[in-house]
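Commentary on secondary and tertiary structure
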Amino acid sequence: MNKKDDRIQHLVSLLENLEKVSLQDIAQIPPSQQHIVAEKIESLQDELKALMVDDEPMTH
């Protein structure tokens with residue numbers, strides 16, 4: 001693997017780990033912060049997914 005592949009794999013791993021965060025995990029955070037953390041996790045997941053799509057080679 002080259003460095004770009006390693007970086008992409010690291011981002012894929014991060015996305016997979018973020019997707020494992022459950023509502024039970026978020027419930028461990030103070031209630032006043034739960035919605036903020038949940039929104040930020042969701043936003044980061046969306047951005048990482050967009051990066052994965054952008055990085056895929058285009059085929060015609």
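Residues numbered from 1 in each chain as written. Predicted model: local features only at pLDDT ≥ 70, side-chain atom pairs only at ≥ 80, totals over all residues. Heavy atoms only, no water.

With respect to the pattern of salt bridges
A side chain with one charge can pair with a side chain of the opposite charge if their charged atoms come near. Scanning all chains against the criterion turns up 1 salt bridge. The salt bridge involving K49 is made with E19; its shortest N-O contact spans 3.6 Å. Taken together, the positions of K49 in helix α3 (residues 31-55) and E19 in helix α1 (residues 3-19) put the pair 30 residues apart, joining distant regions of the chain. (Salt bridge = Lys/Arg side-chain N within 4 Å of Asp/Glu carboxyl O. Helix = DSSP H or I, 4+ residues; strand = E, 2+ residues; numbered from the N terminus.)

Considerations on α1
Between its terminal C-alpha atoms α1 stretches 24 Å, which fits the 24 Å expected from 17 residues at 1.5 Å a residue. Between the side-chain oxygen at the start of α1 and the backbone nitrogen of D5 there is a gap of 2.8 Å, and the oxygen is on N2. (Expected span 1.5 Å × (residues − 1). Polar contact = N/O pair within 3.5 Å; in protein donor to acceptor, adjacent residues only side chain to side chain.)

A few points about a negative patch on the surface
On the surface, a cluster of negative charge is contributed by E39, E42, D46 and E47. Position of E42 relative to the elements: it lies in helix α3. (Patch = residues over 30% accessible without salt bridge, like charges linked within 9 Å, V, L, I, M, F, W, Y side chains within 5 Å. Areas by Shrake-Rupley, 256 points an atom, 1.4 Å probe, with all protein chains shown as cover. Lys, Arg positive; Asp, Glu negative; His and termini not counted. Charge placed at Lys NZ, Arg CZ, Asp CG, Glu CD.)

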